Amino acid sequence: MSAGCGRQQGADDARRRGRFLKAWLLGLALLPLLDEGVRAQSASPLLGPGPTTLGAPRGGRSPVAVPPLPSAGSRLAPLQPLPGTGGPSLTELDVTSQAGTQPRGNRATAARAPARVAAPRLLEPAEAVRVLQAAVEAAVSRNAGLQGAAARKALIAAKQRSAGAFLPGAPTFGAAYVTDQVIRNRNARDAELSLGTQIWLPGEGTASVRAADADMSRLEAEGVRQVLEVAGQVREALAAVAAAEADQRASQARLRDARALEADLARRVRGRDAAEAELLVAQADRIEAEATLSERTATLEASRVDYRTLTGLDPMTTALNEPAAPAAQARPLDPRIIEAQRAVEVARANRDLAGIQTRDSPEVGLVGRRTRDIGGNVYDHSLGLQVRIPFATETRNAPRRAAAEVEYTDAVAALAKVERELGGGESRARIEMASALAARDLATKRAAVFERQRALFERSFAEGNTALADLIRARTLAFQADAARERADVGARQARGRLNQALGLMP
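Basis of the calculations
Residues numbered from 1 in each chain as written. Predicted model: local features only at pLDDT ≥ 70, side-chain atom pairs only at ≥ 80, totals over all residues. Heavy atoms only, no water. Helix = DSSP H or I, 4+ residues; strand = E, 2+ residues; numbered from the N terminus. Buried < 20%, exposed > 50% of the residue type's maximum accessible area, 1.4 Å probe, protein only. Areas by Shrake-Rupley, 256 points an atom, 1.4 Å probe, with all protein chains shown as cover. pLDDT = per-residue confidence, 0-100. Salt bridge = Lys/Arg side-chain N within 4 Å of Asp/Glu carboxyl O. Phe/Tyr/Trp six-rings, centres within 6.5 Å; stacked < 30°, edge-to-face > 60°. Lys NZ or Arg CZ within 6 Å of the ring centre and 35° of its normal. Core = buried A, V, L, I, M, F, W, Y, C linked by side-chain atoms within 4.5 Å. Contact = heavy atoms within 4.5 Å. Pairing = 2+ DSSP bridges. Lys, Arg positive; Asp, Glu negative; His and termini not counted. Polar contact = N/O pair within 3.5 Å; in protein donor to acceptor, adjacent residues only side chain to side chain. Axes fitted to C-alpha atoms, helices over the stretch in contact; angles between N-to-C directions. Parallel < 35°, antiparallel > 145°, perpendicular 65-115°, else oblique. Left-handed = near helix turned anticlockwise from the far one by under 90°. Nonpolar A, V, L, I, M, F, W, Y, C, P; charged D, E, K, R; others polar. Patch = residues over 30% accessible without salt bridge, like charges linked within 9 Å, V, L, I, M, F, W, Y side chains within 5 Å. Expected span 1.5 Å × (residues − 1).

Enquirer: Give me the overall build of the protein chain: which residues, what numbers.
Expert: What the protein chain contains, in helices and strands, is 9 helices and 7 strands. Per-residue burial for the protein chain yields a buried fraction of 37% across its 507 residues. In the structure as shown, the protein chain presents an accessible area of about 28,300 Å², 58% of it carried by carbon and sulfur atoms.

As structure tokens, then:
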């Protein structure tokens, strides 16, 4: 009986070995097909692979799903959740990608952290102000409108001299000679000489001086306002150069890292430690980085040309660091308000002058005569005073008074408009300043998030658990976030300059 049981157990063992052998042979036959399927899934992760799954940590927690990275070409990609946030720490995670679970050689060199280009150190606010002042002075010397102000100032100075003169006009000389020789010739002769001049109407001279002085004050205020406008142009041009430099620095850092990655993969492909497809992906990333750098460099050169055209100087972007605006009680009055106030004073003086100049200027003069009567042989000489007083008519004075009143009304309305616009401009500049500061803080936090995400993908790639395309996209997003952080910093400093401009403060 024991012999029969032994034979039955041997038969069962033989059947189990046969089934195992068939399963093993079937697995060998299907292994190539399974390998091709895995390769097809991980061959082109840039074309939209599914979400990468982080394998369960050694502690036995459930796997963590990592959503796909945003598009590498997006300027401001949406934030992606960090793997492990709220769950296992980075040191506890075992990252597994669709490419397989076994590391394909040592890839720690290719996964090293990207090199960053540090931003230049900014000048201290006091030194930055001196640099900006020199730039504004250079721009003013090249401004055609301000160069023509000297001629207008000379014109108003001539009006001031005329208004302060003793007489309103130049003297006049007259002569006359009368004879009857052509008609009957009875020896009648008459010769007359006169010398006269205009005189001021009562109060006209003082009013004319007041109007000329007000016009000179308005011209000076207009010049200060034009200088302020030039300062705003310098501020904006320098901020454009600073933003372009920040973009170029980020592009240079990305290109340098892409070239290093391509060189490392080329070396590993020659050593048969990496696939040629990974090298092609690295080459495509390097070409894209070169194209981006070329575009950013062109933008930077164009902004530098604009700045040189405006000032004739090379831009020093480290001077884009103006001090904060002083308190309201410590600030000088805005030049634009001063100019509008001076315009009101000019219009008021002209209105007063129009009320005084109700007639043309009177004239006074001396008259000398030499006469001889009919049939007389002796000449008589006489000397007299001549006065000419024009009449005041409404047809002459009404249009002049109306024009002066319109000028005054327009000046008052312009002053009120300037005050409203400057108040709104200040409020708008303060809102933009607060928004720029908040954007800078958010951009800094966003860059830190993408930096952590990049570090995670680099660690996973170094262990052979993440595809190269995913690593490149993570680095690209980190570089874009870093560039956005620098641009936000430039925007905050630019907003500070715009607030000073809105308050009418010179650099």
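Enquirer: Can you tell me about the confidence of the model for the protein chain, naming the residues and giving the values?
Expert: The pLDDT averaged across the protein chain works out to 80; a share of 77% of its residues lies at or above 70. Highest mean pLDDT in the protein chain belongs to helix H7 (residues 335-356) (95); lowest belongs to strand S3 (residues 94-95) (32).

Enquirer: Before we move on, can you summarise the pattern of salt bridges with the specific residues and values?
Expert: Under the definition given, this model contains 37 salt bridges. Glu 486 is the salt-bridge partner of Arg 249, the closest N and O atoms lying 2.5 Å from each other. You can see Arg 249 sitting in helix H5 (residues 204-270) and its partner Glu 486 sitting in helix H9 (residues 468-502), a full 237 residues away along the chain. One exposure class covers both Arg 249 and Glu 486, and it is buried.

Enquirer: Can you tell me about the packing of aromatic side chains, naming the residues and giving the values?
Expert: In the structure shown here, the tally under the stated rule is 0 aromatic pairs. Over the aromatic face of Tyr 408 sits the side chain of Arg 351, whose NZ or CZ is 4.2 Å from the ring centroid.

Enquirer: Help me get a handle on the nonpolar core, residues and values and all.
Expert: Ranked by size, the top nonpolar core spans 21 residues in total, and within it Ala 139, Val 230, Val 234, Leu 238, Tyr 307, Leu 310 and Leu 320 carry the most contacts. Looking at this core, the elements with two or more residues in it are helix H2 (125-141), H5 and helix H6 (276-311). Examining the composition of this core, we find that 9 residues originate from one element, H5, more than from any other. Here Leu 310 is in contact with Ala 139, Arg 142, Gln 233, Val 234 and Ala 237, once residues within four sequence places are set aside. Residues Ala 274, Phe 457, Ile 472 and Ala 474 belong to the second largest nonpolar core, which totals 12 residues.

Enquirer: So what's going on with unusual backbone geometry? Which residues, and what values?
Expert: Leave glycine aside and you will find that most residues have negative phi; peptide bonds, for their part, are mostly trans. Unlike most non-glycine residues, Arg 272 shows phi in positive territory, near 55°. The topology assignment puts Arg 272 in the loop between H5 and H6.

Enquirer: Kindly report on the pairing of strand S6 (residues 363-372), identifying the contributing residues and their values.
Expert: The pairing of strand S5 (residues 189-198) with S6 spans 10 bridges and is classified as antiparallel. What sits directly across from Ser 194, in S6, is Val 367. Pairing geometry for S6 and strand S7 (residues 380-388), over 9 bridges, is antiparallel. In the sheet register, Gly 368 faces S7, and the bridge partner there is Leu 383.

Enquirer: Before we move on, can you summarise the side chain of Arg 296 with the specific residues and values?
Expert: Mapping Arg 296 onto the fold places it in helix H6. Look at Arg 296: it is buried, it has no salt bridge, and the nearest opposite charge is Asp 247 at 4.3 Å. Within the local environment of Arg 296, its side chain forms a polar contact with the side chain of Ser 251, the two groups lying 3.5 Å apart.

Enquirer: Just give me the short version of the packing of H6 against H9, but keep the residues and values in it.
Expert: For any two helices packed against each other, one specifies the inter-axial angle together with the distance between the axes. The geometry of H6 relative to H9 is characterised by a closest axis approach of 10 Å and an angle of 20° between their N-to-C directions. Comparing their axes, H9 and H6 come out roughly parallel. Judged by the sense of rotation from one axis to the other, the crossing of H6 with H9 is right-handed. Taking contact as the criterion, the partners of Glu 278, Val 281, Ala 282 and Asp 285 in H6 are, on H9, Leu 468, Ala 469, Ile 472 and Thr 476. Of the residues that constitute the contact of H6 with H9, the class distribution is 5 nonpolar, 1 polar and 2 charged.

Enquirer: Give a detailed account of a nonpolar patch on the surface, specifying residues and quantitative values.
Expert: A surface patch of nonpolar side chains, about 580 Å² in accessible area, is lined by Leu 366, Leu 383, Leu 385, Val 387 and Ile 389. Per-element accounting of the nonpolar patch gives the leading share, 3 residues, to S7. When you line up the elements, Val 387 lands in strand S7.

Enquirer: Would you mind going over the side chain of Ser 361 in detail, with residue names and values included?
Expert: Note that Ser 361 resides in the loop between H7 and S6. What Ser 361 contacts, discounting residues up to four positions off in sequence, is Pro 168, Gln 198, Ile 199, Glu 204, Arg 388 and Pro 390.

Enquirer: So what's going on with H6? Which residues, and what values?
Expert: Here H6 is 36 residues long and its end C-alpha atoms lie 52 Å apart, about the 52 Å a rise of 1.5 Å per residue gives. Positive backbone phi, approximately 80°, marks Gly 312, located one or two places after H6.

Enquirer: Outline the environment of Glu 405, listing residues and values.
Expert: Looking at the secondary structure, you find Glu 405 in helix H8 (residues 394-462). Sequence separation between Glu 405 and Ala 354 is 51 residues; the distance between their C-alpha atoms is 9.3 Å.

Enquirer: Could you give an account of the sheet that holds S6, naming the residues involved and the relevant values?
Expert: Pairing is antiparallel across the open sheet formed by 4 strands, whose spatial order is S4-S5-S6-S7. For this open sheet the edge positions go to strand S4 (172-179) and S7, each flanked by a neighbour on one side alone. If you compare each strand with its neighbour and ignore which way they point, the axes differ by 15° on average.

Enquirer: If you had to explain the environment of Phe 450 to someone new, which residues and values would you point to?
Expert: Within the secondary structure, Phe 450 sits in helix H8. On a C-alpha basis, the gap between Phe 450 and Leu 477 in space is 6.7 Å, while along the polypeptide they are 27 residues apart.

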